[in-house]
Amino acid sequence: MKVNFYQQNQPLSNGKHCLKKIPAPLKLWRTRKRKNTVRKKKTKIFKPRSSKYIVLTFKTFVSFFIFVFLISSLIYFLTSDFFKISDISCEKERLPCSDKERSFFLDLAGQNIFLVNSDKIIKSIKINHPQIEKIKIEKELPDKVLIEITERKEFASLTFDEESWFIIDIRGFVLRKTNKKPKVLPEIFFKKNRPDLKYNQELDQKEILYSLLVLKLMKDNFILLEKLVIYPENL
């Protein structure tokens, strides 16, 4: 038999009505439900409206101040004459560069030291002046640039017919051509048809590169060799 707890007035046999007692768990559940309903209503009634104005806190103000300071500093560093290059120091083999070598870097004068692209400058100079092997550029704030140049050194002479000689460095880079046999440099006589050699190019023939390696090893061991003859059929 099911009991309906929501029917409070039940008729008696004598025609009278009595109030039925509500169980304790159901009464507790109704009380909690009423409280939750009141809380929801209060939440809706007293919900704060969104403000149309920006509220500046101390943290927001400090962040904004730092942002403005960084932008201002960046603009100052990029536009101020204080950081424009005015002093260019150039050295080669620990000696002052010649006027011609200093002219390679005249375009740096007046540029902002932070905007100078060292890699791009080095690449451009080495293409136009391949006799330069290495360039080192250092920036010294606020307006000074230190440049160190290393040139290719003559290491050996290469000939194919003993009528003309190509002066090359230790890596096989062709520096110049002469019709007179060099007396100081060791000679590599390559008995093979002369390839199409050009100035300011690096040789890739393995026979010549091996010969340069042999000459270097002998020089490091204080063995002087005047002439090295290469026969291609023996390699």
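Residues numbered from 1 in each chain as written. Predicted model: local features only at pLDDT ≥ 70, side-chain atom pairs only at ≥ 80, totals over all residues. Heavy atoms only, no water.

1. Points about a nonpolar patch on the surface
On the surface, a cluster of nonpolar side chains totalling about 810 Å² of accessible area is made up of Leu-74, Tyr-76, Phe-77, Leu-78, Phe-82, Phe-114, Leu-115 and Leu-141. Along the chain, Phe-82 falls in the loop between α2 (58-79) and β3 (87-92). (Patch = residues over 30% accessible without salt bridge, like charges linked within 9 Å, V, L, I, M, F, W, Y side chains within 5 Å. Areas by Shrake-Rupley, 256 points an atom, 1.4 Å probe, with all protein chains shown as cover. Salt bridge = Lys/Arg side-chain N within 4 Å of Asp/Glu carboxyl O. Helix = DSSP H or I, 4+ residues; strand = E, 2+ residues; numbered from the N terminus.)

2. Re the state of the cysteines
What the rule picks out here adds up to one disulfide. The disulfide partner of Cys-90 is Cys-97, and the S-S distance across this bridge is 2.1 Å. Taking the sign of the S-S torsion, about -75 degrees here, the bridge from Cys-90 to Cys-97 comes out left-handed. (Disulfide = S-S within 2.5 Å.)

3. What about the pairing of strand β11 (residues 227-230)?
Each regular strand carries side chains that alternate between the two faces of the sheet. Alternating residues of β11 divide into Leu-228 and Ile-230, all buried, and Lys-227 and Val-229, none buried. The pairing of strand β10 (residues 187-190) with β11 spans four bridges and is parallel. For Glu-187, the partnering residue across the bridge sits in β11 and is Lys-227. For the handedness criterion, the β-α-β arrangement of β10, helix α5 (residues 206-220) and β11 is classed as left-handed. (Buried < 20%, exposed > 50% of the residue type's maximum accessible area, 1.4 Å probe, protein only. Pairing = 2+ DSSP bridges. Right-handed = clockwise from strand over helix to strand, strands pointing away.)

4. Some points on the environment of Asn-112
Along the chain, Asn-112 falls in the loop between α3 (99-102) and α4 (118-128). Residue Asn-112 is classed as buried on the basis of its relative accessible area, which comes to 8%. Along the chain, Asn-112 and Pro-142 lie 30 residues apart, while their C-alpha atoms are 9.5 Å from each other. What Asn-112 contacts, discounting residues up to four positions off in sequence, is Phe-77, Leu-78, Thr-79, Ser-80, Phe-83 and Lys-84. Separated by 2.8 Å, the side chain of Asn-112 and the backbone nitrogen of Phe-114 make a polar contact. (Contact = heavy atoms within 4.5 Å. Polar contact = N/O pair within 3.5 Å; in protein donor to acceptor, adjacent residues only side chain to side chain.)

5. Looking at the sheet that holds β3
With mixed pairing, the four strands of this open sheet are ordered in space as β4-β3-β6-β5. Looking at which strands have only one partner, the edges of the open sheet turn out to be β4 (95-96) and β5 (132-140). Inspection of the sheet shows β3 paired to β4 by two bridges, in the antiparallel sense. Each bridged residue has a counterpart across the sheet, and for Glu-91 the counterpart in β4 is Pro-96.

6. Describing the pairing of β3
Relative to strand β6 (residues 144-151), β3 is paired through six bridges, and the arrangement is parallel. Bridge assignment links Asp-87 to a residue of β6, and that residue is Lys-144.

7. So, the packing of aromatic side chains
Describing an aromatic ring pair means giving the distance of the ring centres and the angle of the ring planes. All chains considered together, the criterion is met by four aromatic pairs. Ring centres of Phe-83 and Phe-114 lie 5.1 Å apart, and the angle between their planes is 55 degrees; on these two criteria the pair is classed as tilted. In this pair, Phe-83 sits in the loop between α2 and β3 while Phe-114 sits in the loop between α3 and α4, placing the two residues 31 residues apart along the sequence. Residues Phe-160 and Phe-190 carry aromatic rings whose centres are separated by 5.9 Å and whose planes lie at 40 degrees to one another, so their mutual orientation is tilted. Of the two residues, Phe-160 is situated in the loop between β7 (156-159) and β8 (165-168) and Phe-190 in strand β10; the sequence distance between them amounts to 30 residues. Each of the two residues, Phe-160 as well as Phe-190, counts as buried. Against the face of Phe-173 rests Arg-152, its NZ or CZ located 3.9 Å from the ring centre. (Phe/Tyr/Trp six-rings, centres within 6.5 Å; stacked < 30°, edge-to-face > 60°. Lys NZ or Arg CZ within 6 Å of the ring centre and 35° of its normal.)

8. Details of the sheet that holds β11
As a general point, the strands of a sheet are linked pairwise by backbone hydrogen bonds and lie either parallel or antiparallel. The five strands lie next to each other as β9-β8-β7-β10-β11, forming an open sheet whose pairing is mixed. For this open sheet the edge positions go to β9 (174-178) and β11, each flanked by a neighbour on one side alone. Taking each pair of neighbouring strands and ignoring which way they run, the sheet shows an average axis angle of 25 degrees. In terms of strand pairing, β7 meets β8 through three bridges, oriented antiparallel. (Axes fitted to C-alpha atoms, helices over the stretch in contact; angles between N-to-C directions.)

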